[in-house]
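Spelled out from the first residue to the last, the chains are:
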Amino acid sequence: MKMLKRLSVAATLATTFLFTIVVNADDGDAPQFHGDEAKGAVNPYLQSLTSFMLWMVPLAFVVSALVSGVKYFFMDEREKEQKPITKTITKLAIAAVVIWSVPLIARIIGIA
C-alpha cells in the first residue's frame, strides 16, 4: 500500500513538472497565467471573507466558551477532573487566534 502511495505521489509530481514545462514554453501559442487578473478576480471575495472572519471568529469563540462552561457545570466530579474547563478554553482560544490570524497572514504575504 505504501508503494502504491509513493508511485501515486511520484506520478503526480512528474505530471506537474511536465505541465509546468508545457505552460511555461515560449512558443507564443502556449497559455500563460496572468497573476494580476487572477488576484483582481479573487480579491473581492477574499475581502468579504476577511471582514466576515474578523467579527465571526471572536463571536464563535465566546459562544463556544459559554457552551463549554455550561456543559462543565453539569458534569460529574469525575468528569470535571478528566476534562478541566481551562484545557477546553485554552484549546478554543488557540484555535480562535490561529483562525483569526489567517487574514493578517494573507495581508503580509500579499494575497489579500
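None of the values given here were measured: they were computed from a predicted structure. (Residues numbered from 1 in each chain as written. Predicted model: local features only at pLDDT ≥ 70, side-chain atom pairs only at ≥ 80, totals over all residues. Heavy atoms only, no water.)

**Observations regarding the overall build of the protein**
Line of reasoning, step 1. Scanning the protein for helices and strands turns up five helices and zero strands.
Line of reasoning, step 2. N-terminal to C-terminal, the α/β element order of the protein is α-α-α-α-α.
Line of reasoning, step 3. Expressed as a percentage of its 112 residues, the buried residues of the protein come to 12%.
Line of reasoning, step 4. Long-range pairs, those at least 24 residues apart, make up 67% of the contacts in the protein with a sequence separation of at least 6.
Line of reasoning, step 5. With the model as given, the accessible surface of the protein reaches about 9,500 Å², and the carbon-plus-sulfur share is 70%. (Helix = DSSP H or I, 4+ residues; strand = E, 2+ residues; numbered from the N terminus. Buried < 20%, exposed > 50% of the residue type's maximum accessible area, 1.4 Å probe, protein only. Contact = heavy atoms within 4.5 Å. Areas by Shrake-Rupley, 256 points an atom, 1.4 Å probe, with all protein chains shown as cover.)

**Digging into the packing of aromatic side chains**
Line of reasoning, step 1. Per the stated rule, a full pass over the model turns up two aromatic pairs.
Line of reasoning, step 2. Between Phe 52 and Trp 55, the ring centres sit 5.3 Å apart and the planes meet at 85°, which makes this aromatic pair edge-to-face. You can see Phe 52 and its partner Trp 55 sitting in helix H2 (residues 35-73), three residues apart, about one turn around the helix.
Line of reasoning, step 3. A relative accessible area of 40% places Phe 52 in the partly exposed class. (Phe/Tyr/Trp six-rings, centres within 6.5 Å; stacked < 30°, edge-to-face > 60°.)

**Quick word on a negative patch on the surface**
Line of reasoning, step 1. Together, Asp 76, Glu 77, Glu 79 and Glu 81 give the surface a local cluster of negative charge.
Line of reasoning, step 2. By the element assignment, Asp 76 lies in the loop between H2 and helix H3 (77-82). (Patch = residues over 30% accessible without salt bridge, like charges linked within 9 Å, V, L, I, M, F, W, Y side chains within 5 Å. Salt bridge = Lys/Arg side-chain N within 4 Å of Asp/Glu carboxyl O. Lys, Arg positive; Asp, Glu negative; His and termini not counted. Charge placed at Lys NZ, Arg CZ, Asp CG, Glu CD.)

**Things to note about the side chain of Lys 80**
Line of reasoning, step 1. Following the sequence through the fold, Lys 80 ends up in helix H3.
Line of reasoning, step 2. Ignoring anything within four residues of it in the chain, the contact list for Lys 80 reads Tyr 72, Phe 73 and Met 75.

**Points about a nonpolar patch on the surface**
Line of reasoning, step 1. A contiguous nonpolar surface patch, about 640 Å² in accessible area, is contributed by Leu 49, Phe 52, Trp 55, Met 56, Leu 59, Val 63 and Val 67.
Line of reasoning, step 2. By the element assignment, Met 56 lies in helix H2.

**Topic: the packing of H2 against helix H4 (residues 85-100)**
Line of reasoning, step 1. Where H2 contacts H4, the two axes come as close as 10 Å, and the packing angle between them is 170°. As summarised for this structure, H2 and H4 are arranged roughly antiparallel, according to the angle between their axes. Here H2 contributes Met 53, Leu 54, Val 57, Pro 58, Phe 61, Ser 64, Ala 65, Ser 68, Gly 69 and Tyr 72 to the contact with H4, which in turn contributes Ile 85, Thr 88, Ile 89, Leu 92, Ala 93, Ala 96, Ile 99 and Trp 100.
Line of reasoning, step 2. Of the residues in the contact of H2 with H4, the class split is 14 nonpolar, four polar and no charged. (Axes fitted to C-alpha atoms, helices over the stretch in contact; angles between N-to-C directions. Parallel < 35°, antiparallel > 145°, perpendicular 65-115°, else oblique. Nonpolar A, V, L, I, M, F, W, Y, C, P; charged D, E, K, R; others polar.)

**Remarks on the confidence of the model for the protein**
Line of reasoning, step 1. Considering every residue of the protein, the mean pLDDT works out to 80; 80% of them sit at 70 or more.
Line of reasoning, step 2. The lowest-confidence element of the protein is helix H1 (residues 2-23), averaging 69 in pLDDT; the highest-confidence one is H4, averaging 92. (pLDDT = per-residue confidence, 0-100.)

**Some points on the side chain of Thr 50**
Line of reasoning, step 1. When you line up the elements, Thr 50 lands in helix H2.
Line of reasoning, step 2. Apart from residues no more than four positions distant in its own chain, Thr 50 is found in contact with Pro 103 and Arg 107.

**Regarding the packing of H2 against helix H5 (residues 102-109)**
Line of reasoning, step 1. The contact between H2 and H5 brings their axes to 9 Å, and the two run at 145°. Between H2, through Gln 47, Thr 50 and Met 53, and H5, the contact on the second element is made entirely by Val 102, Pro 103 and Arg 107.
Line of reasoning, step 2. Class assignment for the residues of the contact of H2 with H5 results in three nonpolar, two polar and one charged.

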